[in-house]
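# Examination of the molecular architecture
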Amino acid sequence: MRLGRTRVIVLATRGIRLSGGVLMQRTLAAEVPGRVGERVLLKGWAHAVRMLGKVGFLVLRDRSGAVQAVLEDQERTLRALPAGSAVALRGVVAKEPRAIGGVELRQVELELLSPAAPALPFEVNRPEIAAGLDALLDHRVLSLRHPRTAAVFRVQAELVRAFREGLRARGFLEVHTPKLVATGTEGGAELFSVDYFGRPAYLAQSPQFYKQMLVVAGFERVFEVGPVYRAEDHDTSRHLNEYLSLDLEMGFVDGLDDLLELEESLLEEMFAAVTAHAADALELWGAEVPRVRGIPRLRLDEARALLKTCCGHETPAGNLDPEGERLLSARVASEHGSDFVFITHYPAAARPVYALPDPSRPDLTLSFDLLFRGLEVTTGGLRIPCGETLRCRMRERGLDPTNFAPYLEAFDYGMPPHGGMAIGAERLTMKLLGLANVREASLFPRDRARLAP
RNA sequence: GGAGGCGUGGUGUAGUCGGUUUAACAUACUGCCCUGUCAAGGCAGAGAUCGCGGGUUCGAGUCCCGUCGCCUCCGCCA
């Protein structure tokens, strides 16, 4: 940047040349209140245009927020400006009590950078978008313009960031495992098939095997934030066929409590991060951040007995049905004031082959689910560390261990006691904000019917 | 894979035990009026053969069958 000429080029890409021919640095809407009296350049979208005869108001929205501009005697310009268009504005910042935020832009020059269609599929400049979920997802780039919709993803970004930072601080390594795989983790029933140069392959339904392999590889503690794929033919408000899994696995654990305490701490940090960095997003949804510390722990059989005595609800053996999950969560909330509840000791038959049996009750596993406001948001547990035991279990389930040879090899090289978990990012976001459908917590959701956008 | 429900202008809805409607309302859109709007307001206008196909009937947005799409739930799962 020492050459004068280079410097000019850099400035030219950052600034914009308006009619006056003067280069200006861009100011963000959120910075405007601090620039009273200055002439500034703003870029963004025409969020709303209101005309009152010779005076007109244009609300410009950019990534930081919104600011109002007043245009006098520019009727023709404003009439030719469809809401949603990309614009650049130059004007003087003035204090104005009548404007929201106390400041507005005056003596405005308006440049239309790119017009929006005259009639949008739905209005995004209202407190709420009046459109069905299907319309919102069909025109996702537009629905995401709405501050409330965008807030969902600012919250999700904070959750994910804090998950990462919390694990890094605890000595976990972030890893990236293949999404194209030769075998599934559960046996192959719910996998998407892919043609891999003429060979059958699948989209990974979980990074499970790779996480465990990386534990024994010497990393001890690994985590991954990545998509997983489920070819389940389900169609509900809480299922996606591609979702973001917050996965972790750690070696040398002493017991199930290590995992439960880790998750409790992580969730506490994740929610704290949302409160600290996206409080306004929470407010847009009227969301209350729950207390995390002291999550009640119930064994599955205890939970089922409680449901029967308290709610008269019979659940099928081996798992809680969705109705049972909701009833149990409500019960725990009223009794213990917790929006969360850990359910532990699921039967081996209801868990994957690698789940570690409880030594005192070999028909049960040292595994857990975490329910958050009536919905399962995490599954985890300790894993079988012995290759020979795993081979036996696979055969019992009709699986051929030779199909899992690369995974099983890991157990030949000193696999420590280990365990881990996976948190569904969209479900966590959904329940935190009180969204009605998990699709709202996915930018571009994939479900049984939707493959685009 | 199973069960239930719903498809009406761009969007969101009303009308549905068949018949007085040229299918209504809100909003968006177009034109005009308006110098403090911020869910702006006022006046005027355009826009839907009521998802599609077939049937019953003198008559179907309304009833029946099929089909497609969507929603909710269940199994399963994060």
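The structure presented is a predicted model; accordingly, all values stated were derived computationally and were not measured.

## Observations regarding the protein's contact with RNA strand B
- The local shell around RNA strand B holds 49 residues, among which R98, E104, E123, A130 and R238 are the closest.
- Within 4 Å of the protein, the contacting atoms of RNA strand B are 54% sugar and phosphate, with bases supplying the remainder.
- In this structure, R126 approaches RNA strand B through a side-chain N or O atom, which is 2.9 Å from a sugar or linking oxygen.
- Interatomic distance of 3.2 Å between a side-chain N/O atom of E232 and a sugar or linking oxygen of RNA strand B.
- When contributions to the surface near RNA strand B are tallied by element, the ones reaching two or more residues are β4 (39-52), β5 (55-62), β6 (65-72), α10 (322-336), β20 (375-382) and β21 (418-424).
- Per-element accounting of the surface near RNA strand B gives the leading share, 4 residues, to β20.
- By residue class, the composition of the surface near RNA strand B is 17 nonpolar, 12 polar and 20 charged.

## Structural notes on the pairing of strand β18 (residues 361-365)
- One ladder, built from 2 bridges, connects strand β17 (residues 357-358) with β18; its direction is antiparallel. Residue pairing across strands places D358 opposite R361, the latter belonging to β18.
- What sits between β17 and β18 in their antiparallel hairpin is a turn of 2 residues.

## Focus on the sheet that holds strand β12 (residues 199-203)
- Read from one edge to the other, the open sheet built from 3 strands follows the order β10-β12-β11, with strand pairing classed as antiparallel. Edge strands, defined here as strands with exactly one partner in the open sheet, are β10 (180-181) and β11 (193-196).
- With 2 bridges connecting them, β10 and β12 associate as antiparallel partners. Each bridged residue has a counterpart across the sheet, and for L180 the counterpart in β12 is L203.

## Side note on the nonpolar core
- Ranked by internal contacts, the top residues of the largest apolar core, which has 54 residues, are F163, L248, M270, F271 and L428.
- The greatest single-element share of this core, amounting to 10 residues, is contributed by helix α7 (residues 256-277).
- Filtering out sequence-adjacent residues up to four positions away, M270 remains in contact with L159, A162, F163, L246 and L428.
- Grouped together as the second largest cluster of nonpolar side chains are 19 residues, A29, L58, V103 and L105 included.

## A short note on the pattern of salt bridges
- In total, this model carries 33 salt bridges according to the counting rule given.
- Salt-bridge contacts for R126 lead to E123; the nearest nitrogen and oxygen are separated by 3.6 Å.
- On the basis of relative accessible area, E123 is assigned to the partly exposed category, the value being 47%.
- Via salt bridges that share partners, E96, R98, E104 and R106 belong to a single interconnected network.

## With respect to a nonpolar patch on the surface
- Together, V141, L443 and F444 give the surface a local cluster of nonpolar side chains, amounting to about 280 Å² of exposed area.
- According to the relative accessible area criterion, V141 is exposed, its value standing at 66%.

## Describing the packing of aromatic side chains
- One pass over the structure, following the stated rule, counts 10 aromatic pairs.
- With centroids separated by 6.3 Å and ring planes inclined at 80°, the aromatic side chains of F209 and Y354 adopt a geometry described as edge-to-face. Taken together, the residues span a long stretch of sequence, with F209 in helix α6 (residues 208-219) and Y354 in the loop between β16 (340-344) and β17 at a distance of 145 residues. Both residues of the pair, F209 and Y354, belong to the buried class.
- For the pair Y407 and F411, a centre-to-centre distance of 5.2 Å together with 85° between the ring planes defines the contact as edge-to-face.
- Take F411: its relative accessible area is 9%, and that puts it in the buried class.
- Taken together through their ring pairs, the aromatic side chains of F209, Y354, F404, Y407 and F411 make up a single cluster.

## Notes on the environment of L136
- As for its position among the elements, L136 is in helix α3 (residues 133-138).
- Take L136: its relative accessible area is 17%, and that puts it in the buried class.
- In the structure, L136 is positioned 46 residues away from R90 in sequence and 33 Å away in space, judged by C-alpha atoms.
- For L136, the residues in contact, after removing those within four places along its chain, are F122, I129, A131 and S143.

## Re the confidence of the model for chain A
- Put simply, chain A has an average pLDDT of 89, and 94% of its residues get 70 or more.
- Per-element confidence in chain A is highest for strand β9 (residues 173-174), whose mean pLDDT is 98, and lowest for helix α1 (residues 4-14), whose mean pLDDT is 35.
- pLDDT under 50 marks residues 1-19. Its contacts with residues more than four places away, or in other chains, come to 26 contacts.
- Taken over the whole predicted complex, pTM reads 0.89, whereas the ipTM for its chain interfaces reads 0.85.

## Notes on the pairing of β11
- Bridging between β11 and β12 involves 4 bridges; their strand directions are antiparallel. Bridging across to β12, V194 finds its partner in A201.
- Taking the residues that link successive antiparallel strands as the turn, the β11-β12 hairpin has 2 residues, and the phi of F197 there is positive, at about 50°.

Cut-off values and rules
- Residues numbered from 1 in each chain as written.
- Chains lettered and ligands numbered in written order.
- Predicted model: local features only at pLDDT ≥ 70, side-chain atom pairs only at ≥ 80, totals over all residues.
- Heavy atoms only, no water.
- Near = heavy atom within 4 Å.
- Polar contact = N/O pair within 3.5 Å; in protein donor to acceptor, adjacent residues only side chain to side chain.
- Helix = DSSP H or I, 4+ residues; strand = E, 2+ residues; numbered from the N terminus.
- Nonpolar A, V, L, I, M, F, W, Y, C, P; charged D, E, K, R; others polar.
- Pairing = 2+ DSSP bridges.
- Core = buried A, V, L, I, M, F, W, Y, C linked by side-chain atoms within 4.5 Å.
- Buried < 20%, exposed > 50% of the residue type's maximum accessible area, 1.4 Å probe, protein only.
- Contact = heavy atoms within 4.5 Å.
- Salt bridge = Lys/Arg side-chain N within 4 Å of Asp/Glu carboxyl O.
- Patch = residues over 30% accessible without salt bridge, like charges linked within 9 Å, V, L, I, M, F, W, Y side chains within 5 Å.
- Areas by Shrake-Rupley, 256 points an atom, 1.4 Å probe, with all protein chains shown as cover.
- Phe/Tyr/Trp six-rings, centres within 6.5 Å; stacked < 30°, edge-to-face > 60°.
- pLDDT = per-residue confidence, 0-100.

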